[in-house]
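So you can see what is in the structure, the chains are spelled out below.
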Amino acid sequence: MRSSIMSVKYHTHTVADVRAWLYEGAKNGLSEHVISKVRANAIIHNPFVEDDMVVVISATDGDRVVGYTAMFPDYLVRPDVKLTCPTTLYADPDYADEFIGYNVTKLLHDTAHGRLVIGSDIAKEAAVIDKLLGLKVEKINRRRYVLNRSIKIRTIRQLGSKIIEPYRRYVQKKQIKRMICDISDYVQVEYTNFIDADAYRFIVDHSKNDLFLRTQEMLNWILRYPFCVKCASNVNLTNQNYFASQLIGYETQIVKVYENKELIGLYMLLYQGNAVSVKMIYTSDKYANEVYNVLLRDAMHTQPDFLYSQYVSLNKYIDSCSIYLKYYNESFIFTHPKELNYQSDLQLQGIDGDMFV
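Residues numbered from 1 in each chain as written. Predicted model: local features only at pLDDT ≥ 70, side-chain atom pairs only at ≥ 80, totals over all residues. Heavy atoms only, no water.

S.K.: How should the side chain of Thr69 be read in this particular structure?
M.R.: Assignment of secondary structure puts Thr69 in strand S3 (residues 64–78). For Thr69, a relative accessible area of 3% puts it in the buried group. A polar atom in the side chain of Thr69 sits 2.6 Å from the backbone oxygen of Thr88. With near-sequence residues (within four places) excluded, Thr69 lies in contact with Val55, Val56, Ile57, Thr88, Leu89, Val104 and Leu108. (Helix = DSSP H or I, 4+ residues; strand = E, 2+ residues; numbered from the N terminus. Buried < 20%, exposed > 50% of the residue type's maximum accessible area, 1.4 Å probe, protein only. Polar contact = N/O pair within 3.5 Å; in protein donor to acceptor, adjacent residues only side chain to side chain. Contact = heavy atoms within 4.5 Å.)

S.K.: I'm lost on helix H1 (residues 15–24) in this one. Help?
M.R.: Those residues of H1 that fall on the buried side of the exposure criterion are Val15, Val18, Ala20 and Trp21. Of the surrounding secondary structure, the elements contacted by the buried residues of H1 are strand S1 (8–14), helix H2 (37–44) and strand S2 (54–61). Directly beyond the C-terminal end of H1, a positive phi value near 70 degrees is found at Gly25.

S.K.: I keep staring at unusual backbone geometry and nothing clicks. Help me out?
M.R.: If a residue is not glycine, its phi is most likely negative; likewise, a peptide bond is most likely trans. Arg78 connects to Pro79 through a cis peptide bond whose omega is -5 degrees. For Pro79, the position within the fold is in the loop between S3 and strand S4 (81–91). Not every positive phi belongs to a glycine, and Thr88 is a case in point at roughly 85 degrees. Relative to the helices and strands, Thr88 resides in strand S4. Among the residues examined, Thr88 registers a relative accessible area of 13% and is labelled buried.

S.K.: Looking at this structure, I do not really get the environment of Val49. What am I missing?
M.R.: Locating Val49 in the fold gives a position in the loop between H2 and S2. A sequence separation of 44 residues divides Val49 from Pro93, and the C-alpha atoms of the two residues are 32 Å apart. The contacts of Val49, once residues within four sequence positions are left out, are Val15, Ile43, Ile44 and Pro73.

S.K.: It is not clear to me how the nonpolar core should be interpreted in this structure. Could you clarify?
M.R.: In a soluble, globular protein the nonpolar side chains are often hidden away together inside. With 68 residues, the main nonpolar core has Ile195 and Trp221 as its most contacted residues. For this core, the leading source of residues is S3, giving seven residues. Dropping the residues within four chain positions of it, Ile195 is found in contact with Tyr200, Ile203, Gln216, Leu219, Asn220, Leu223, Ile254 and Leu266. In terms of nonpolar packing, the next biggest core, distinct from the first, is built from 32 residues, Tyr287, Ala288, Ile323 and Tyr324 among them. (Core = buried A, V, L, I, M, F, W, Y, C linked by side-chain atoms within 4.5 Å.)

Below is the structure:
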């Protein structure tokens, strides 16, 4: 039975608290009901954390966890600002009248100590809270390409689609083969798990159209400490946090593309279940199509059903290749304080904020 509002208590947990829980088994109110161990371990290894920094906030009613949120710090090279990036927000629906989501988020803002708070690819409910707290709400376009599907016939229109589907698949297969054949014999790729000095210089040199430029340390933290791990099966898994950390088919991939030993492109893909997402891409206009061909070849290697991309130039190229069966224009929500100037003509990378998960 739900207790009264007066029994809901709020708790802040520092980096030191999280470390003690993970590594020493400390009974300090933290558990996987509040944050997954994988995500918690990643956060305390963030390059900008300090032991006394609040990184997790929870709400409890007795022994029951009724809400929580977490964050990690970031430092941007461009613009030159310090950030707080929220990651996860949960409020027990039984406590809908008690504004737990608002309260834990407000506490996160209060403990940011001058860092600007941004939210990336957040739920509509979280965006409402951010707006109440003074943040601006932006909608960013993202394309979902359908690469594989099974059409269920419920209408005459669907019947028509089913009839011409073999032709669509024929064209798709032909275009994919043509795209792969267009990759130059002089192209070489390097699969890696970190950003070295040459790669970071390439990112800096080709980031003039990006909204943000992160540090090399931050990019390598993202790659070394993902918030999720790949599992072979979801059978017999331990109880997971609402924001699960053990996922089938979860894998990130960083690829450097060379032509005649010259670095011409760099991208990051996230494979998750039946979908692949483009999380980062840098290239010059001269070599863009070459890099896109290699990226798409990699993206389709696992035969996913969907490909997600928020990159206008890449999307135009995919449209011209006709390698998809259908696409949908979607959007995601990005929130930011007014002091952080948002320019809609600049590119938000797919790893900005906590979108890398």
